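Observations on the model geometry
This is what each chain is made of:
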Amino acid sequence: METKSFKYQKQIDVLTSLGCQLPVLYAPNNTPACRFVFSDMSRQNHVPQYMSNPKRMLQDISKNKMTTSLLALSCFDNELHAGTFYSNLKKSFRNISSTIGDSLSRGVLSNEMGMKTATSPNGHFDFYEFEGCDLNQSFQIIKDL
């Protein structure tokens, strides 16, 4: 069986060489997923935190607080869980719509797209994309937040 590389394999390799470990990952098996995105299509959607802000990765490395989770995409198993999480973030971060998104998107994650972590009780899981995966092609905006 062919082993696929993750989209940010080079960065994952750097972090694992510094002592980080990937979490246990599972095939998504057509898992429905929701993600926060920007309605303005000129903004980048579906980009992990360390890739949208490379300085953060360097700062976390210097503080020995790095994690491979920030090279994955944050997902939720349904709209209700995503909406609740967003509402709670909004209470603490006034400008959340300009940092993580102003809309909710939904799609289905197939085994060819990547691997996922276990889903937590609040519906959250991380999705590690395989090279060539483009969630912009498979996720659709379903509502404003």
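Up top is the structure these notes are about.
Bear in mind the structure is a predicted one, so any value in this text is a computation, not a measurement.

Before going further, it helps to spend a moment on the packing of aromatic side chains. Scanning the entire structure with this criterion turns up five aromatic pairs. With 5.1 Å between their ring centres and 55° between their planes, phenylalanine 36 and tyrosine 86 make a pair best called tilted. With phenylalanine 36 in strand E1 (residues 31-37) and tyrosine 86 in helix H4 (residues 79-92), this pair connects stretches of sequence that are 50 residues apart. Taken individually, phenylalanine 36 and tyrosine 86 each receive the classification buried, so the pair is uniform in this respect. Taken together, the ring pairs in this structure connect Phe36, Phe76, Phe85 and Tyr86 into an aromatic cluster. One cation-aromatic arrangement involves arginine 43 over phenylalanine 38; the distance from NZ or CZ to the ring centre is 3.7 Å. The ring of phenylalanine 125 carries lysine 116 above its face, with NZ or CZ at 4.5 Å from the centroid.

Okay, the environment of serine 110 next. Along the chain, serine 110 falls in the loop between strand E3 (103-109) and strand E4 (114-116). Since its relative accessible area comes to 14%, serine 110 is described here as buried. Sequence spacing of serine 110 and proline 32 is 78 residues, and the spatial spacing of their C-alpha atoms is 9.1 Å. Setting aside residues no more than four positions away along its own chain, serine 110 makes contact with Pro28 and Asn30.

So, about unusual backbone geometry. The bulk of non-glycine residues show a negative phi, and the bulk of peptide bonds are trans. Its identity as a non-glycine residue notwithstanding, asparagine 29 has a phi of 50°, on the positive side. By the element assignment, asparagine 29 lies in the loop between helix H1 (9-17) and E1. Given a relative accessible area of 54%, asparagine 29 falls into the exposed group. Positive phi outside glycine occurs at asparagine 30, with the angle close to 60°. The topology assignment puts asparagine 30 in the loop between H1 and E1.

Once that is clear, we can look at the pattern of salt bridges. The final tally for this structure, using the stated rule, is three salt bridges. Measuring nitrogen to oxygen at the nearest pair gives 4.0 Å for the salt bridge that ties aspartate 60 to arginine 56. Of this pair, aspartate 60 and arginine 56 both sit in helix H3 (residues 54-62), four residues apart, which is roughly one turn of that helix. Overall, aspartate 60 belongs to the buried group, its relative accessible area being 12%.

Each value, and the rule that gives it
- Residues numbered from 1 in each chain as written.
- Predicted model: local features only at pLDDT ≥ 70, side-chain atom pairs only at ≥ 80, totals over all residues.
- Heavy atoms only, no water.
- Phe/Tyr/Trp six-rings, centres within 6.5 Å; stacked < 30°, edge-to-face > 60°.
- Helix = DSSP H or I, 4+ residues; strand = E, 2+ residues; numbered from the N terminus.
- Buried < 20%, exposed > 50% of the residue type's maximum accessible area, 1.4 Å probe, protein only.
- Lys NZ or Arg CZ within 6 Å of the ring centre and 35° of its normal.
- Contact = heavy atoms within 4.5 Å.
- Salt bridge = Lys/Arg side-chain N within 4 Å of Asp/Glu carboxyl O.

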